[in-house]
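The residues making up each chain are set out below.
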Amino acid sequence: MPQYSDAIIVGGGPAGASCAIWLARLGLAPLLVEAGARPGGLPNDNPFADDWIAALPGVTGQQVGANIARSVEAAGVPVRCGRRAVVVERTETGFAVTVQAARGGMPATPESEVLYGRHLVIASGVRARNLADAAPGDRWPGVLVGPGSAIVEQDYAGRSVAVLGGGDNGFENYAYVKSRGASAVHLYARTVRARPQLVDAVPAADLRLGDYQVDPVARRVEEQSYDLLLVLHGWEPQADFAASLALRRDDRGYIHTDFATARASAEGVYAIGEVANRMHPCVVTSMADGVVAAKAIQAAIERESGRQPGAAHSFHRNP
């Protein structure tokens, strides 16, 4: 008989880690699956100060990620790092999640294994959206897709750069590249969604509004060549492993959930954080989402066991 955790949480970012920590501290037995080398999620790739978190002024995203990892460890949450969920199947008593070694994951781990849980929490977040015509995994020399450490580590001195994207990330990274000595920086935006103070900081001569065509191989936008292209086209949900559950989604692929419980459209399944496109997605709202799911799972387990609310107990604890 396989051993079942109370909940398998796929994704160790702010939402998934928060859910796992709350479940563990409520006396339940979560199992956290994280594709990266440690929990923390997208903040692990953000070297800039995240001044939007009221309790952590001046703390960088990477420090936030490190704090998340420490909190998971302190709560005694079992974690499978360097493991990517590839498929999930429903069983008589819950779910079987097949995970494989992620690219760049932890060494000396089996290539594939199956994990079992009574409940499933999808906290796999989002990935940076590539160019519209790109196939999954397509990359080109000199083309950086999505914000993060790769952009920070790049040398821009004396180089021409095109920043593609009209959201906050596009305008923030325009300012960053400009400050790093680039010879020319142009920002291409089909629509402008960024905060007004970010938009106002870009000279009109550097802002190219309207539709544009990109040749990533030649690093050309419209008829102009650049040394580097920064693709900041926003995000898309990543929960392909859960396709077999046929969850209800919106037209962009985000998972529909019940606001009060974070339950998805399939029994025993919860979706939290950015994969569910909750209101005002950020570290703080993702953590709150994790709490909502943890309390809903606790209530479900208590109903199944006939216990009074608040008397949490784990029936399938891992050794």
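Residues numbered from 1 in each chain as written. Predicted model: local features only at pLDDT ≥ 70, side-chain atom pairs only at ≥ 80, totals over all residues. Heavy atoms only, no water.

## Side note on the side chain of His 119
Topologically, His 119 is positioned in strand β6 (residues 112-122). By relative accessible area, which is 4% here, His 119 ends up buried. A distance of 3.0 Å separates a polar side-chain atom of His 119 from the backbone oxygen of Asp 6. (Helix = DSSP H or I, 4+ residues; strand = E, 2+ residues; numbered from the N terminus. Buried < 20%, exposed > 50% of the residue type's maximum accessible area, 1.4 Å probe, protein only. Polar contact = N/O pair within 3.5 Å; in protein donor to acceptor, adjacent residues only side chain to side chain.)

## Considerations on the layout of surface pockets
The calculated volume of the second largest pocket comes to roughly 250 Å³. As for the second largest pocket, its lining consists of 15 residues, and the residues nearest its centre are Arg 118, His 119, Glu 267, Gly 268 and Glu 304. For the lining of the second largest pocket, the secondary-structure elements that each account for two or more residues are β6 and α6 (283-305). Take the lining of the second largest pocket: its biggest share by element is 3 residues, from α6. Of the residues belonging to the lining of the second largest pocket, the class tally is 3 nonpolar, 5 polar and 7 charged. (1 Å grid on protein atoms, 1.4 Å probe; cavity = no way out; pocket = protein on both sides within 12 Å on 5 of 7 lines; lining within 4 Å. Points joined across faces, edges and corners; volume = space filled by probe spheres on them. Nonpolar A, V, L, I, M, F, W, Y, C, P; charged D, E, K, R; others polar.)

## A few points about the pattern of salt bridges
Counted by the stated rule, this structure contains 12 salt bridges. As a salt-bridge pair, Arg 118 and Glu 304 come within 2.5 Å of each other at their nearest N and O atoms. Here Arg 118, found in strand β6, pairs with Glu 304, found in helix α6; they are 186 residues apart in sequence, far enough to count as distant. A residue is classified by how much of its surface remains accessible, and Arg 118, at 15% relative accessible area, is buried. By relative accessible area, Glu 304 is classed as exposed at 51%. Note that Asp 206 is salt-bridged to Lys 178, the shortest N-O span being 2.9 Å. Of this pair, Asp 206 sits in the loop between α5 (196-200) and β11 (207-209) while Lys 178 sits in helix α4 (residues 168-179), and the two are 28 residues apart along the sequence. Judged by relative accessible area, which is 40%, Lys 178 ranks as partly exposed. Among the ionic contacts, a cluster of salt bridges with common partners joins Asp 6, Arg 118 and Glu 304. (Salt bridge = Lys/Arg side-chain N within 4 Å of Asp/Glu carboxyl O.)

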